Amino acid sequence: MKEGRLAVNLSWRLQEVTKQVGRDLVMGEQVVVLIDEHFEIESLGSVYLPSLEQTVNVFAVKPEDFGLPLPEARVAATLVH
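In short, a report on the structure. (Residues numbered from 1 in each chain as written. Predicted model: local features only at pLDDT ≥ 70, side-chain atom pairs only at ≥ 80, totals over all residues. Heavy atoms only, no water.)

1. Considerations on the overall build of the protein
Then comes step 1: Across its full length, the protein carries 3 helices and 2 strands.
Then comes step 2: In sequence order, the protein lays out its α and β elements as α-α-β-β-α.
Then comes step 3: Counting only residues that meet the buried cut, the protein has 25% of its 81 residues in that class.
Then comes step 4: Once local pairs closer than 6 in sequence are excluded, the contacts in the protein between residues at least 24 apart make up 46%.
Then comes step 5: Accessible surface, the protein: about 6100 Å² in total, of which carbon and sulfur atoms supply 57%. (Helix = DSSP H or I, 4+ residues; strand = E, 2+ residues; numbered from the N terminus. Buried < 20%, exposed > 50% of the residue type's maximum accessible area, 1.4 Å probe, protein only. Contact = heavy atoms within 4.5 Å. Areas by Shrake-Rupley, 256 points an atom, 1.4 Å probe, with all protein chains shown as cover.)

Shown next, in the form of C-alpha cells:
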C-alpha cells in the first residue's frame, strides 16, 4: 500500500510542478519509460519535492509533438498511406 500512496503523492506533486515550469503536463521517469517510443520527450531538470523529501527528474512532451494524434492513430495513418 505504501508504494501506491507514494505514486499518488508523486502525481499530485508533479501536478503542482506544472505551475513552476510553465507546462500543462509533466511526468516522472516511470511514465517516460512507457511513452518515449511514441513521443519526443524533453528533460526539464530535477525538482526537489519537500513534502516527499526527494528529488525527482521531471520531463514533458516536446511542444511540437502535442498536435499529433494518439500513437495508435499515427500508426494507423502510416499503414493507410
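2. Points about the pattern of salt bridges
Then comes step 1: With the rule as written, the count across this model stands at 2 salt bridges.
Then comes step 2: Close ionic contact of Glu16 with Lys19 constitutes a salt bridge, the shortest N to O distance being 3.3 Å. With a gap of 3 residues between them, Glu16 and Lys19 both fall in helix α1 (residues 2–21), about one helical turn apart.
Then comes step 3: Taking relative accessible area as the criterion, Glu16 reaches 31% and is therefore assigned partly exposed.
Then comes step 4: Note on Lys19: relative accessible area 63%, which makes it exposed. (Salt bridge = Lys/Arg side-chain N within 4 Å of Asp/Glu carboxyl O.)

3. Description of the pairing of strand β1 (residues 41–49)
Then comes step 1: Note that β1 and strand β2 (residues 54–61) share 8 bridges and pair antiparallel. Counted as the bridge partner of Tyr48 is Thr55 from β2.
Then comes step 2: Hairpin connection between β1 and β2: a loop of 4 residues separates the two successive antiparallel strands, and Glu53 in this loop has a positive phi of roughly 55°. (Pairing = 2+ DSSP bridges.)

4. As for the side chain of Thr18
Then comes step 1: One can find Thr18 in helix α1.
Then comes step 2: Judged by its relative accessible area of 14%, Thr18 falls in the buried class.
Then comes step 3: With residues near it in sequence (within four places) discarded, Thr18 still touches Arg23, Asp24, Leu25 and Val26.

5. Thoughts on the environment of Arg13
Then comes step 1: Along the polypeptide, Arg13 turns up in helix α1.
Then comes step 2: By relative accessible area, which is 27% here, Arg13 ends up partly exposed.
Then comes step 3: Sequence-distant contacts of Arg13, that is, excluding residues within four places in its chain, are made with Leu49, Ser51 and Leu52.
Then comes step 4: Within the local environment of Arg13, its side chain forms a polar contact with the side chain of Ser51, the two groups lying 2.7 Å apart. (Polar contact = N/O pair within 3.5 Å; in protein donor to acceptor, adjacent residues only side chain to side chain.)

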